Amino acid sequence: MDRLMQWFSQIDWDKFWLDMISKSIKILILLILYFVLSWVGRKLIRGFFRRYRTQQMVSENRANTLESLILNLFGYLIFFTFAILILQNFINVTAIIAGAGVASLAIAFGAQGLVSDVVTGFFILLERQLDVGDSITLEQVNGNVEALGLRTTQVRDFDGTLHFIPNRQIMIVSNHSRGNMRFLVDVRIAPKADAEKAMEIIKLACEQEKATNKNIVDGPTVLGVQEVSATNTVIRVMGKAVNGEQFEVQRNLLKDIREELVANQIELPLSYLAPLEPGK
Amino acid sequence: MDRLMQWFSQIDWDKFWLDMISKSIKILILLILYFVLSWVGRKLIRGFFRRYRTQQMVSENRANTLESLILNLFGYLIFFTFAILILQNFINVTAIIAGAGVASLAIAFGAQGLVSDVVTGFFILLERQLDVGDSITLEQVNGNVEALGLRTTQVRDFDGTLHFIPNRQIMIVSNHSRGNMRFLVDVRIAPKADAEKAMEIIKLACEQEKATNKNIVDGPTVLGVQEVSATNTVIRVMGKAVNGEQFEVQRNLLKDIREELVANQIELPLSYLAPLEPGK
Amino acid sequence: MDRLMQWFSQIDWDKFWLDMISKSIKILILLILYFVLSWVGRKLIRGFFRRYRTQQMVSENRANTLESLILNLFGYLIFFTFAILILQNFINVTAIIAGAGVASLAIAFGAQGLVSDVVTGFFILLERQLDVGDSITLEQVNGNVEALGLRTTQVRDFDGTLHFIPNRQIMIVSNHSRGNMRFLVDVRIAPKADAEKAMEIIKLACEQEKATNKNIVDGPTVLGVQEVSATNTVIRVMGKAVNGEQFEVQRNLLKDIREELVANQIELPLSYLAPLEPGK
Amino acid sequence: MDRLMQWFSQIDWDKFWLDMISKSIKILILLILYFVLSWVGRKLIRGFFRRYRTQQMVSENRANTLESLILNLFGYLIFFTFAILILQNFINVTAIIAGAGVASLAIAFGAQGLVSDVVTGFFILLERQLDVGDSITLEQVNGNVEALGLRTTQVRDFDGTLHFIPNRQIMIVSNHSRGNMRFLVDVRIAPKADAEKAMEIIKLACEQEKATNKNIVDGPTVLGVQEVSATNTVIRVMGKAVNGEQFEVQRNLLKDIREELVANQIELPLSYLAPLEPGK
Amino acid sequence: MDRLMQWFSQIDWDKFWLDMISKSIKILILLILYFVLSWVGRKLIRGFFRRYRTQQMVSENRANTLESLILNLFGYLIFFTFAILILQNFINVTAIIAGAGVASLAIAFGAQGLVSDVVTGFFILLERQLDVGDSITLEQVNGNVEALGLRTTQVRDFDGTLHFIPNRQIMIVSNHSRGNMRFLVDVRIAPKADAEKAMEIIKLACEQEKATNKNIVDGPTVLGVQEVSATNTVIRVMGKAVNGEQFEVQRNLLKDIREELVANQIELPLSYLAPLEPGK
Amino acid sequence: MDRLMQWFSQIDWDKFWLDMISKSIKILILLILYFVLSWVGRKLIRGFFRRYRTQQMVSENRANTLESLILNLFGYLIFFTFAILILQNFINVTAIIAGAGVASLAIAFGAQGLVSDVVTGFFILLERQLDVGDSITLEQVNGNVEALGLRTTQVRDFDGTLHFIPNRQIMIVSNHSRGNMRFLVDVRIAPKADAEKAMEIIKLACEQEKATNKNIVDGPTVLGVQEVSATNTVIRVMGKAVNGEQFEVQRNLLKDIREELVANQIELPLSYLAPLEPGK
Amino acid sequence: MDRLMQWFSQIDWDKFWLDMISKSIKILILLILYFVLSWVGRKLIRGFFRRYRTQQMVSENRANTLESLILNLFGYLIFFTFAILILQNFINVTAIIAGAGVASLAIAFGAQGLVSDVVTGFFILLERQLDVGDSITLEQVNGNVEALGLRTTQVRDFDGTLHFIPNRQIMIVSNHSRGNMRFLVDVRIAPKADAEKAMEIIKLACEQEKATNKNIVDGPTVLGVQEVSATNTVIRVMGKAVNGEQFEVQRNLLKDIREELVANQIELPLSYLAPLEPGK
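Quick caveat: nothing in here was measured; it's all calculated off a predicted structure.

What counts as what
- Per chain, residues are indexed from 1 in the order of the written sequence.
- Chains and ligands are labelled by the order in which they are written, letters from A for the one and numbers from 1 for the other.
- Local features are withheld for residues below a pLDDT of 70 in this predicted model, meaning they are given only at 70 or higher, and side-chain atom pairs are given and counted only at 80 or more; totals for whole chains, interfaces and linings count all residues.
- Heavy atoms throughout the structure, all of them, feed into the side-chain values; hydrogens and water do not.
- By the criteria applied, helices consist of DSSP H or I runs no shorter than four residues and strands consist of E runs no shorter than two, each listed in order from the N terminus.
- Classification of residues uses two cut-offs on accessible area relative to the type maximum, computed with a 1.4 Å probe and protein chains only: under 20% is buried, over 50% is exposed, and between them is partly exposed.
- Pairs of residues are marked as contacts when any of their non-hydrogen atoms sit within 4.5 Å.
- UniProt positions are given in the numbering used here, feature names are shortened, and annotations may be inferred rather than shown by experiment.
- One fewer than the residue count of a helix, multiplied by 1.5 Å, yields its expected span.
- Any two strands between which DSSP finds at least two bridges are classified as paired.
- Every axis corresponds to a line fitted to the C-alpha atoms, with the helix fit spanning only the stretch in contact, and the corresponding angles, defined between N-to-C directions, vary from 0 to 180 degrees.
- For salt bridges, the criterion is a side-chain nitrogen of Lys or Arg within 4 Å of an Asp or Glu carboxyl oxygen.
- Within this scheme, the nonpolar core is defined by two criteria: the residues are buried Ala, Val, Leu, Ile, Met, Phe, Trp, Tyr or Cys, and they are joined through side-chain atoms within 4.5 Å.
- Pairing of aromatic rings covers Phe, Tyr and the six-membered ring of Trp, with a centre-to-centre limit of 6.5 Å; geometry is then stacked below 30 degrees between planes, edge-to-face above 60, and tilted otherwise.
- Surface patches are defined over residues having more than 30% relative accessible area and no salt bridge, joining like charges when they lie within 9 Å and nonpolar side chains (Val, Leu, Ile, Met, Phe, Trp, Tyr) when within 5 Å.
- For accessible areas, the Shrake-Rupley method is used with a probe of radius 1.4 Å. Any residue's cover is judged against the shown protein chains and nothing else.
- Residues counted as positive are Lys and Arg, residues counted as negative are Asp and Glu, and His and the chain ends are not counted.
- Geometric relationships in this document are graded by angle, where less than 35 degrees denotes roughly parallel, more than 145 denotes roughly antiparallel, 65 to 115 denotes roughly perpendicular, and other angles denote oblique.
- The crossing is said to be left-handed when, going from far helix to near helix, the turn is anticlockwise and less than a right angle, and right-handed when the turn is clockwise.
- Any residue outside Ala, Val, Leu, Ile, Met, Phe, Trp, Tyr, Cys, Pro, Asp, Glu, Lys and Arg is labelled polar, Gly included; the first ten of those are nonpolar and the last four are charged.
- For the domains described, the bounds stem from an automatic or database domain assignment.
- Here the buried area means the combined drop in accessible surface, using a 1.4 Å probe, for two parts upon being joined, counting both sides.
- Counting of polar contacts relies on pairs of N or O atoms within 3.5 Å, with two restrictions inside protein: one atom must be capable of donating a hydrogen and the other of accepting it, and residues adjacent in sequence are counted only when both atoms are side-chain atoms.
- Confidence scores labelled pLDDT are given residue by residue by the predictor and lie between 0 and 100.

Undergrad: Give a detailed account of the overall build of chain A, specifying residues and quantitative values.
TA: Across its full length, chain A carries 7 helices and 8 strands. In chain A, which comprises 280 residues, the share counted as buried stands at 43%. Sequence-distant contacts in chain A: of pairs separated by 6 or more residues, those separated by 24 or more amount to 62%.

Written out as structure tokens, the structure is:
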């Protein structure tokens, strides 16, 4: 108990308070500087990209990608610079990191995920695998790229969910926004229907569709009988459409072919209990 | 046997008891200090955030996040400080950690999970991937964020279960509380029904719904025939709603479209044994 | 052969037997001490907690948790202390551990699981993720916590099985004993039944249930039409009950709603072969 | 060629043959000693446990566990001691292990599995997770424990197969031989049957069963209507039985309840084609 | 506050600005050089390969592969050279990499993925496992090789999606563009139909097909009755076609055999509800 | 060019050719020695075991196991001895292995699989988990052990395929050739049939079977009603048979019980469409 | 700017160009030597094996295996020798590898896959697990071995695809080309048919088949009733055939047994809707 008292009395209170105050002021100034620099920096970067886009040297998506990336890098740079500056008022950060024995090993093991994130992210950016706005599939996640960063990629799911994906989780990038996309319609007719005649009708429907729809790049081709089963015969139609329009084209083609088949009295595959519906 | 006796007699019992008592007092004081400081600290942090929230500088959720985080950090800081202070009465903790050979390696391997937790947690907080109250999906877990910490994140499942998730388990953060959410209704009609007419009716129903429901952000669009199968034709309707209201909107739209279709006598897909029900 | 003889004759048999006897006595004393101390220690800990519980400073569950933990720690402490004391009569344990080259590396790799267990266990206890008696789900295991330890957690499955789970296997702790729990009833009616009327009836049944059942915390709300399929229309009812009573409430609600619907002649979804049952 | 000849002539053949003979004799003696000691040791251990069991200080299972463990440890100890003694006639084993550079690293990596086995096995024994004869589930394996060892656990599958499981493979030990076990019967009745009346009958059947069967520890309780589907209504009955007798109890209860329901003319859920069977 | 002022005044502003300007000019020159060299290099490589292809020393695909690879290598080489030259104006890169203690370990762990990519990529190229244009399957991905690189391989999916696959993800390369491909038709006939007669008819159909289709390399062989089930008898036909034509051949064969069977009144397996369709 | 010439002229061609010839002779002698020793060694080992088996000290299977193991060890020993002797004519193997820095680390990582194989294999042999001829299940593989080695185990699948399994892949050894095996017959009767009477008949059938079949070790016991479903009542029969005969016993019992039930007119569970088969 | 000029003027252009030219010539000579040596070496190896095969000392498959392996080794040897010779004109390769600190660690981690490939490949070859032409299953891949190498194994799938499998991916080698193969036919008859009589007929059919088919090694044995279900009774027939002929035998047996059963009017299991087919 006495020692505690003694320890208290030993403290040079003047120096202690002075130290406290000077440090508080320092930290306050650093915090203000941080927020100001952060705000100004973001302003400048955004302004630069606004003008950059008007000059139309690169595509809109690429400009967004670069802006998202540079904002991300600037944010990390300024955050860690000030974080170390502030922390160094309390403890000697670099000395600790250098001198730690066991801890350093544990940190090295634990931080390898972070390094993997950055290495992978760097190459994704360098090899232009993604642009902001691209429709992509990353392992378990589907959606449009919302932002790109060195450590994480943000993907907006089609249902509105925002996914934050550490770059190291990105194994295979499947980019659906690069080049024309295929559309594929499997037309099913009754197993006893005349397949030759049906294929003729489908070919005509495809030609009509192609004539009217400028989004079709590579004409819908009727490949032939793909499968014969007890309940239906499958005729496959395939083609290529402008990127992003493939689903629209597919839906139109599906509706048109069906209408033509019905109009030409090609028997459709019936669900097996249909004949039980008396009144129809 | 004799040696044991000798060993007993050698002990300086006075010094031993004095040591024991002084140490007990020290530990008692430390324990009391720990509980007092812990209680006062928590009081102060909560008080600060109560006032912070009233000033409404940041959203309610972000304030909760910061409060949860700072309480968590404060708790760890004070716990480990006093734990080391108390332990040092018995053994020289730092010397042990520094001097351990094999053990240190084993510890480094074993503790890498802890470091991974903290590194991942740090970036989740820095990149604002989560806020307290957000509706999220983390790999196997669904629910609302209850608390955020450097090591663990607590998620309250929709069924009331509380999940404690070490941050290292958090691979992909899927945040359902960021921006408008999509709603999607697949309307099924009989394969022989008039799809064109049905789409007209559905469009009208959608417009009515939009006019009356202010939670719909992006009008329900009738995409067209999505699929044609032997038992039904599927017409897809899609749109965007205010975050959190998408399920409500979806349920209303489902009920309204169905009622309209019935009112306009569009044949619905019938379960195949329905015609067997004579009296109806 | 001669060497062997020579080697035998060289041995100082007197010293050998003396050494053997003195060591045997030492070990015997140590073993007796171990069992006495172990028994006394456990007695004291249990006695302390018996009084602790009567003072009702903490909940029953938390007291059990602390007792289980302290018994576990005491057991390990006393076991390893005496194990090393006994072993040191034969070989110099610490010297071996320190001096081992290859072996130490192998041990470090092999023992990392043990360290992981202790690190994870420590944080599970520190963060109060579990209490003895809690109903939990740990990855593949369901049940009530039976005992908590630094290395293993014991969970009693609902079917009586006792699971021993190394703490490192505990990834996500899903605790079902923290706060109110949701109950959810999906009422299915015939697709042609009047959904509006059914919802009215269900609402009344819910209000009755709430009035009579004090375990319902958050009134059963009729959310609306959740799904429309060819064979039934689903109406969802949701609410919150006191922890542990949710299944009871759910069962009661299910029975009551069904009875009300039958009484009000709302057509239930029929199994498709029902009309084939002539006599009913 | 000459060098080879020269190399041959250089060899001191006398010393070579002497060396060979002396070493052969040594190894022979060691081998004989090994088999004798091994045989005597096992005899003594088994004899000790035979008397130990007659004194009935511990349960039969625990005595078997200890015997199996001590035999296992003794076997390893004597095997490796003699193996090293014999090998050291040819090469300097310890020098090799100490001096190996690359190899040692490879060995450390490769042998970590072995260390994991021993560490895990040690704690399984220390924490008494298993006893010889217990009915257990270890990840993919079901059966009764046949023998326990530091490195492997032997489990006899219910179909007679003997599983050898390295202890490191044992993640979660699910022990079915610790305490009373639950039995659970889901009674299914026709959806239109009177659930209230059925529950009355089931309750009576349960009470009869409990009165006559002393293996029932916790009386079969009728929980209520668990599920209502189009084809049946499920009533759940639950209780606890003496360990190992739960399946017997369950089978009896199942048969009795069914007979009572039939006797009381509660309509059972009918397979949907039953009414088509005319003559029955 | 004063110190900050003092620190400001200490800076040699002249030297600072000179340094800034000289560095800016340096970087500008480096950037211009980078873009010029990059553009010229790509031009030269493409020009070289244009002439290379006209001489037809290697196949088109191999030339594309080499071009894609050399462009890829050139791009990395020039990028990293200039990146280091520019960075060295700010920080001493090599010194940092050499001197880093903990960080270096973390980097080594994190970067092993990159090294794995390059090592795997190198051997894929050396062993000519892939050529640009080959139809391949890489674990989860199907498509045609679009570009080959040391770090990533680009595969264009058949639906138009572009996959970027880090080479380390490529475990087993399944190349569908190396040699003739098999086609296989499983003909299903009614279980009561005459299998012998059906096989005769199928053999004739196969011979006709072979005579007219030059893409068939190895004649379609009728293997015999592959399976007998309650609903159909399966007769298997197999053969080999020119690479890439196997699906076309399969479709033709399927249609022809079916027509022949129908023409020869071999009963086809009927879907079990077919006889219920009255009017057909 | 000149330097190359100069380099050529510098070579001491006489010494070069002498060296080449002497080395060639050395290698030739070594190769001949290798084949001779290998052939003689195998001959001796096989001869030894032929005599060993005739003395019938151990079981046939154990003798095969030892022979397979010793041949395997002898093969590796002689191969690697001569391989190193031959290689040392060209390069200093041991020096390379000792002196390699980076490579050694890579080798250590890469070779850990090999060490794991040997360590696991050693314990499989030491603990006698397998004998040549045993019927076993190793993770994905079923079959009889064909050969045992330190690195690989060969298993002959029941369909004739020969599996080579690296020992490290062997996690859990499931040995089906150790002790009696269970047989289990689930008898299904119509849900309305008299279960009591059926059980009587089955019991009689079991007793008959036991009386005539000496392979039955533990009499087939009728456990009782295992399950009651809408389509059938299941009665379980269980017992133990001599190892390897359990399938034969099961097949016989199945046939006999069925015949007895039919003879006693116990209604069997009917497939639900059976009554629709009029003429049968 | 001036410094750059200065730096340019400092370069000794004469020496630079001389160096460039001499190096270019060196590289050219090395490249020519590489292609010549590579061509000559392959020629010699192939010639040697052509003669080797004519002497028929080893089987065709083993000769192919050795040829494929030696070509593979020769290719790697000559490639890496010249690659290092050429690279050493530019940079000091060995110095870099030796001196690299962090990089070396990363390389060691990254290259362990390569070492694993070679170690596994070496033992696959040494233990003769595979021969060129063998029909094998390697985890996910089926097919015939096309080529064997130290790093990769090439397998030609039955559909023509060529798989390149890194040896480290080869866990369990399942070789279908070693010894006789089993064939197995499950004959299904109607549940009410006379099983005894059916087995007689099947036995006769099997004996006929065996008499006429020399590919059957181990006569088809009728094992008995394997399974009794509501829709059919299964009788199992098993035997062994010459390697590669098992499928042919199985198909023949299937057809013959079926014909015999039909001829002897054993009722076959009918698909349950068959009786609904009126006209048959």
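Now that the structure has been shown, we can carry on.
Undergrad: Explain the UniProt feature "domain: Mechanosensitive ion channel MscS" (unreviewed entry) in chain A residue by residue, including any values.
TA: Feature annotation in UniProt assigns "domain: Mechanosensitive ion channel MscS" (unreviewed entry) to the following positions: residues 114-178 of chain A. Split by type, residues 114-178 of chain A is 20% helix and 38% strand. Its first and last C-alpha atoms lie 29 Å apart.

Undergrad: Could you give me a rundown of helix α7 (residues 246-263) of chain E, with the residues and numbers involved?
TA: Think of an α-helix as turning once every 3.6 residues; residues three or four places apart then point the same way. With 18 residues, α7(E) extends 26 Å from end C-alpha to end C-alpha; this agrees with the ideal 26 Å at 1.5 Å per step. Within α7(E), burial applies to E:Gln246, E:Val249, E:Arg251, E:Leu253, E:Leu254, E:Ile257 and E:Leu261. On its buried face, α7(E) sits against β7 (216-228) of chain A together with β6 (181-189), α6 (195-212), β7 (216-228) and β8 (233-241) of chain E. Looking at the residues trailing α7(E), positive phi occurs at E:Gln265, about 60 degrees.

Undergrad: Talk me through the sheet that holds strand β7 (residues 216-228) of chain B; I want residue IDs and the actual numbers.
TA: Paired through backbone hydrogen bonds, the strands of a sheet run either parallel or antiparallel to each other. Residues and elements named next belong to chain B. With antiparallel pairing, 3 strands are arranged side by side in an open sheet as β6-β8-β7. The open sheet has two edge strands with one neighbour each: β6 (181-189) and β7. Neighbour to neighbour, the strand axes of the sheet diverge by 20 degrees on average, direction disregarded. As paired elements, β6 and strand β8 (residues 233-241) share 9 bridges and run antiparallel to each other. Residue Arg182 lies in a different strand from β8, and its bridge partner there is Lys240. This element, helix α6 (residues 195-212), spans β6, β7 and β8 of the sheet and lies at about 165 degrees to β7.

Undergrad: Summarise the pattern of salt bridges; cite the residues concerned and give the values.
TA: Tallying each qualifying case throughout the model produces 65 salt bridges over all chains. For A:Arg151, the salt bridge goes to B:Glu127, with nearest N and O atoms at 3.3 Å. A residue pair is termed interchain when its members come from two chains, as with A:Arg151 in the loop between β2 (141-148) and β3 (152-156) and B:Glu127 in the loop between α5 (102-126) and β1 (135-138). Note on A:Arg151: relative accessible area 6%, which makes it buried. Overlapping salt bridges, with partners in common, bring together A:Asp117, A:Arg151, A:Arg168 and B:Glu127 in one network.

Undergrad: Hey, could you go over the nonpolar core for me, with residue numbers and the actual values?
TA: Across soluble globular proteins, you tend to see nonpolar side chains buried next to one another. Within the largest apolar cluster, 182 residues are counted, with the highest numbers of intra-cluster contacts made by A:Leu261, B:Leu261, C:Leu261, D:Leu261, E:Leu261, F:Leu261 and G:Leu261. The contact partners of B:Leu261, leaving out residues within four places of it in the chain, are B:Val187, B:Ile189, B:Ala198, B:Ile201, B:Ile202, B:Ile266 and B:Leu268.

Undergrad: With reference to specific residues and values, describe the packing of aromatic side chains.
TA: Going through the model one piece at a time under the given rule, you end up with 77 aromatic pairs over all chains. Note on D:Phe48 and D:Phe49: the rings are 5.4 Å apart at their centroids and 80 degrees apart in plane angle, and the pair reads as edge-to-face. Judged by relative accessible area, which is 2%, D:Phe49 ranks as buried. A centroid spacing of 5.7 Å and a plane angle of 55 degrees characterise the contact between F:Tyr34 and F:Phe82, whose relative ring orientation is tilted. Of this pair, F:Tyr34 sits in helix α2 (residues 13-54) while F:Phe82 sits in helix α3 (residues 60-87), and the two are 48 residues apart along the sequence. Comparing F:Tyr34 with F:Phe82 shows no difference in burial state: the two are buried. These aromatic residues form a ring-pair network of at least three members: A:Tyr34, A:Phe35, A:Tyr76, A:Phe79, A:Phe80, A:Phe82, B:Phe122 and B:Phe123.

Undergrad: Describe a nonpolar patch on the surface, and please don't skip the residues or the numbers.
TA: Residues and elements named next belong to chain A. Among the surface-exposed residues, Trp13, Phe16, Trp17, Met20, Ile21 and Ile25 lie close enough to one another that they form a single nonpolar patch of about 590 Å² accessible area. Of note, Phe16 is situated in helix α2 (residues 13-54). For Phe16, a relative accessible area of 35% corresponds to the partly exposed category.

Undergrad: Account for the side chain of G:Glu209, naming residues and giving values.
TA: Residue and element names in this part refer to chain G. Within the secondary structure, Glu209 sits in helix α6 (residues 195-212). No salt bridge is formed by the buried Glu209; its nearest oppositely charged neighbour, Lys255, is found at 8.4 Å. Dropping the residues within four chain positions of it, Glu209 is found in contact with Ile216, Asn252, Leu253 and Asp256.

Undergrad: Can you tell me about the environment of B:Arg188, naming the residues and giving the values?
TA: With respect to the element layout, B:Arg188 can be found in strand β6. On the basis of relative accessibility, which here comes to 41%, the residue B:Arg188 falls in the partly exposed class.

Undergrad: Summarise the sheet that holds strand β7 (residues 216-228) of chain G; cite the residues concerned and give the values.
TA: All names here are of chain G. Taken in spatial order, the 3 strands make up an open sheet running β6-β8-β7, and their pairing is antiparallel. Two strands in the sheet have a free side with no partner beyond their single neighbour: β6 (181-189) and β7. Taking the axes of each pair of neighbouring strands and ignoring which way they run, one obtains an average angle of 20 degrees across the sheet. Packed on one face of the sheet, helix α7 (residues 246-263) meets β6, β7 and β8 (233-241) and runs near 25 degrees to β6.

Undergrad: How would you summarise helix α3 (residues 60-87) of chain D if you had to cite specific residues and measurements?
TA: The end-to-end C-alpha distance of α3(D) is 40 Å, a good match for the 40 Å that 28 residues give at a rise of 1.5 Å each. Restricting attention to buried positions, one finds in α3(D) the residues D:Arg62, D:Ala63, D:Thr65, D:Glu67, D:Ser68, D:Leu69, D:Leu71, D:Gly75, D:Tyr76, D:Ile78, D:Phe82 and D:Ile86.

Undergrad: Got a sec to walk through the packing of α6(G) against α7(G)? Specific residues and values, please.
TA: All names here are of chain G. One way to put it is that α6 packs onto α7 with a least axis distance of 9 Å and a crossing angle of 135 degrees. Of the possible angle classes, the one that applies to α6 and α7 is oblique. When the axes of α6 and α7 are compared, the crossing they make is right-handed. On the side of α6, the interface is formed by Ala198, Ile201, Ile202, Ala205, Cys206, Gln208 and Glu209, while α7 contributes Asn252, Leu253, Asp256, Ile257, Glu260 and Leu261. Residue classes in the contact of α6 with α7 are distributed as 8 nonpolar, 2 polar and 3 charged.

Undergrad: So what's going on with the domain arrangement of chain A? Which residues, and what values?
TA: Residue and element names in this part refer to chain A. By the assigned domains, chain A splits into domain 1 (11-96), domain 2 (112-175) and domain 3 (181-263). Taking only C-alpha atoms into account, the centre of domain 1 sits 25 Å from that of domain 2. The interface of domain 1 with domain 2 comprises 9 residues on the first partner and 12 residues on the second. Interface of domain 1 and domain 2: buried area, both sides summed, is about 890 Å²; carbon and sulfur atoms make up 51% of it. Ranking the residues of domain 1 by area buried against domain 2 places Arg62, Thr65 and Leu69 at the top, with a combined share of 49%. Applying the counting criterion to the domain 1 and domain 2 interface returns 0 salt bridges. At the junction of domain 1 and domain 2, the tally comes to 4 residue pairs in polar contact (both at pLDDT 80 or more). A class-by-class count of the residues in the side of domain 1 that touches domain 2 yields 3 nonpolar, 5 polar and 1 charged.

Undergrad: Can you tell me about the side chain of E:Thr152, naming the residues and giving the values?
TA: Position of E:Thr152 relative to the elements: it lies in strand β3 (residues 152-156). Looking at E:Thr152, the relative accessible area reads 6%, which means it is buried. Polar side-chain contacts of E:Thr152 include one of 3.0 Å to the side chain of A:Glu127. If we ignore the near neighbours within four places in the chain, the residues touching E:Thr152 are A:Glu127, A:Gln129, E:Ile165, E:Pro166 and E:Asn167.

Undergrad: Describe the packing of α2(F) against α3(F), listing the residues and the values that go with them.
TA: All names here are of chain F. Close contact between α2 and α3 brings their axes to 10 Å; oriented N to C, the two are set at 170 degrees. In terms of axis orientation, α2 runs roughly antiparallel to α3. For the contact of α2 with α3, the per-class residue count stands at 19 nonpolar, 3 polar and 5 charged.

Undergrad: Tell me about the pairing of strand β8 (residues 233-241) of chain F, and please be specific about residues and values.
TA: Remember that side chains alternate between the two faces of the sheet whenever the strand is regular. Across 8 bridges, strand β7 (residues 216-228) of chain F lies against β8(F) in antiparallel orientation. Residue pairing in the sheet places F:Ile216 in a bridge with F:Ala241 of β8(F).

Undergrad: Provide a residue-level description of the confidence of the model for chain A, including the pertinent values.
TA: All names here are of chain A. The predicted model of chain A has a mean per-residue pLDDT of 79, with 82% of residues at 70 or higher. Low pLDDT, under 50, characterises residues 271-280; the predicted model gives this stretch 13 contacts beyond four residues in sequence or across chains. The ipTM value of the predicted complex is 0.72, and its pTM value is 0.77.

Undergrad: Please give an account of unusual backbone geometry that cites residues and values.
TA: Phi is positive for C:Gln265, which is not a glycine, with a value near 55 degrees. In this structure, E:Arg128 takes a positive phi of about 50 degrees despite not being glycine. Its relative accessible area of 49% is what places E:Arg128 among the partly exposed residues.

Undergrad: Residues and numbers for the environment of C:Ala241, please.
TA: Residue and element names in this part refer to chain C. Its location among the elements puts Ala241 in strand β8 (residues 233-241). Taking the relative accessible area as the measure of exposure, Ala241 reaches 0% and is therefore buried. Sequence-distant contacts of Ala241, that is, excluding residues within four places in its chain, are made with Asn180, Met181, Phe183, Asn215, Ile216, Val217, Gln246 and Val249.

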